[in-house]
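# Observations on the model geometry
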Amino acid sequence: MTTSRAKFDTIIVGAGFAGLYAVYKMRRIGLSVRAFERGEGVGGVWYWNRYPGARCDVESLQYSYSFDPELEKAWVWPERYSPQPDILRYAEFVADRYDLKKDIQFGTEVHGAVYDEAANRWIVRTSAGEFECQYLIMASGGLSTTQVPTFPGQEDFQGPVLVPGAWPRDPVDLAGKNVAVVGTGSSAIQIIPAVAKVANQVTVFQRTPNFSVPMRNKPLTPEARKAWLDDLQGNREKQKKSRAGQIFEINDRRACEMTPEEREAEMARRWEGGSPNFTRAFADFLTDLTANGYAAEFVHRKIKEIVKDPETAEKLCPKDHPIGAKRICVDTDYYETYNRPNVDLVDLRSEPLEHVSRHGIVTSRREYPADVLILATGYDAVTGPLLAIDIRGAGGLALREAWAHGPRAYLGLMSAGFPNLFMITGPGSPSVSVNVICAIEQHVDFVADIVNEMRSRGADRIEPDVEAQDDWVELVRQIADSTLFPKANSFYMGANIPGKPRVFLLFGGGLEDYTERCRRIAQNGYEGFRITAVEAARPKGGLERA
Ligand SMILES: Cc1cc2nc3c(=O)[nH]c(=O)nc-3n(C[C@H](O)[C@H](O)[C@H](O)COP(=O)(O)OP(=O)(O)OC[C@H]3O[C@@H](n4cnc5c(N)ncnc54)[C@H](O)[C@@H]3O)c2cc1C
């Protein structure tokens, strides 16, 4: 039977940094490609998150692609930490430079994908019809599915309800408005200081305070750019050989090997310098509760020094999780903002949110008037975007069923029963625990190597062994248990989504360790993967072109 479906070697879901690089790379190894993106442009989270104050928390020079030195020379980052408009411009620049948009279909949502076992092809169901491919690459993002609660009465609220991850494309005028912000995670920590500057009143509704360190953003000088470019290869190597995909100043000494004065001086210097570099103040910062406690106590003291009202300061001090067990927030004037007369903090632990009224938010204590609601309540991280699509593998196995008790994926890249389906920065890989662009490049390159290997063997089907996958899932659990990560109710643990299995979603051993494991697996003939030839005919195309 013939069908009129358009056929491609590769279909890619998403046109954020992962999708863009996957289009580039798969084309380079000679595959035909079509990417589907539900948005009307490239950039992924930077296309969607246009909220005031949106900015990356990795230094701009490092939060960028490394695959082409000429690209690095062609692009100038104006600031140490880039704001959303600059990152979006960069994504556009990359897409244009490599002519990627011709293979991207915008405004098209992928609803489902079914693996046709006999044909060894994926049938991909989209809002624009069905398409067919051999390789399906999920570049759908780790933080592209927002978690939006519906509070009782919310539908009656008279003003706009805004969500950071789906911020309107036209600028929203909040000048002179009474704004209620629900949530105090990394987006809220960026939004609150920016909105407080223009709004009449900002009321922040906090359930759980988060640790935040200062960003100390500044213009990126030509000298700093030159220094980076002068040792471009060395700098990129350092990033790839780091835990977090970022160049931090690593202290090899454990907290107990330092005197209290040394610890204090080390933390104070790093606090003044800004950035998550603070979390590398001791070697055991993220693994030992006592060491971590010194840092938590330091930040509590800083909050109390900065915030003038002692009651507000106390409420802002996180006490229920170790510092760094959630992705640390990086802010500009977050704590200082609570000294403004137009900013109030409401602690939802002591006065629970009861409902939304027509004109504000009602807690157990009183009604707080608001013209605008901002629900900065986070994301259904890592698995959310994958499970939002109805994916059915061999024998009709639904991914939602296979992962009912938590995600199961070998290397966080492929799941048994779902041949030829690759998940860029999927669950069980370093993903959103590191500088994600580094994680993306490593994963996409690894997929391209796999495809080249398959072609050299005359193979056309790959999937992980169940045993290798089980071992990987167990390794991910063990590594997580050796860190402080599981001690926080974070999105890393799926704890922010009602009913989501409580599983640490990421490979906690860091980017370098992970990359090295992938390298060894490849060197050992892609051990743990079953690579077979379903069709006798070898697919067209050659090995990677220069
Ligand atoms: C506000 C914010 C700030 C961040 N800051 C940093 C940072 O400073 N440093 C860092 O390392 N990481 C940061 N991240 C994490 C960020 O997710 C990654 O850095 C990176 O941008 C992810 O790129 P991606 O292409 O994998 O995913 P995304 O950027 O999420 O792109 C995925 C794309 O897939 C599309 N898509 C998803 N499902 C479908 C579907 N079914 N059909 C069609 N299209 C679909 C989405 O519309 C989206 O455009 C941040 C995330 C957010 C939300």
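Residues numbered from 1 in each chain as written. Predicted model: local features only at pLDDT ≥ 70, side-chain atom pairs only at ≥ 80, totals over all residues.

Right, let's get into the site of the ligand. In the vicinity of the ligand there are 38 residues, among which Gly14, Gly16, Gly44, Cys56 and Gly141 approach most closely. Those elements giving two or more residues to the shell around the ligand turn out to be helix H1 (17-28), helix H2 (45-48) and helix H14 (436-457). Of the residues forming the shell around the ligand, the biggest block, three residues, is contributed by H1. By residue class, the composition of the shell around the ligand is 20 nonpolar, 14 polar and four charged. (Near = placed C-beta within 6 Å. Helix = DSSP H or I, 4+ residues; strand = E, 2+ residues; numbered from the N terminus. Nonpolar A, V, L, I, M, F, W, Y, C, P; charged D, E, K, R; others polar.)

The five strands are arranged E7-E16-E8-E9-E12 in an open sheet whose pairing can be described as parallel. A single partner strand is all that each edge strand has here, and the edge strands are strand E7 (161-162) and strand E12 (343-347). As paired strands, E7 and strand E16 (residues 372-375) are joined by two bridges and run parallel to one another. Of the residues in E16, the one forming a bridge with Leu162 is Ile374. (Pairing = 2+ DSSP bridges.)

Now for the nonpolar core. Judged by nonpolar contacts, the single largest core of 150 residues is most densely connected at Leu20 and Val181. In terms of residue count, H14 provides more of this core than any other element does, eleven residues in total. For this core, the domains that each give at least three residues are domain 1 (6-145 + 381-532) and domain 2 (147-210 + 326-378). With near-sequence residues (within four places) excluded, Val181 lies in contact with Ala188, Ile191, Ile192, Val202, Val204, Phe205, Ile374 and Ala376. (Core = buried A, V, L, I, M, F, W, Y, C linked by C-beta atoms within 7 Å. Buried ≥ 20, exposed ≤ 12 C-beta atoms within 10 Å, placed from the backbone. Domains from an automatic or database assignment. Contact = placed C-beta atoms within 7 Å.)

Taken as a whole, the chain is organised into domain 1 (6-145 + 381-532) and domain 2 (147-210 + 326-378). For domain 1 versus domain 2, the separation of C-alpha centres amounts to 31 Å. Taken together, the contact between domain 1 and domain 2 spans 16 residues of the former and 16 residues of the latter.

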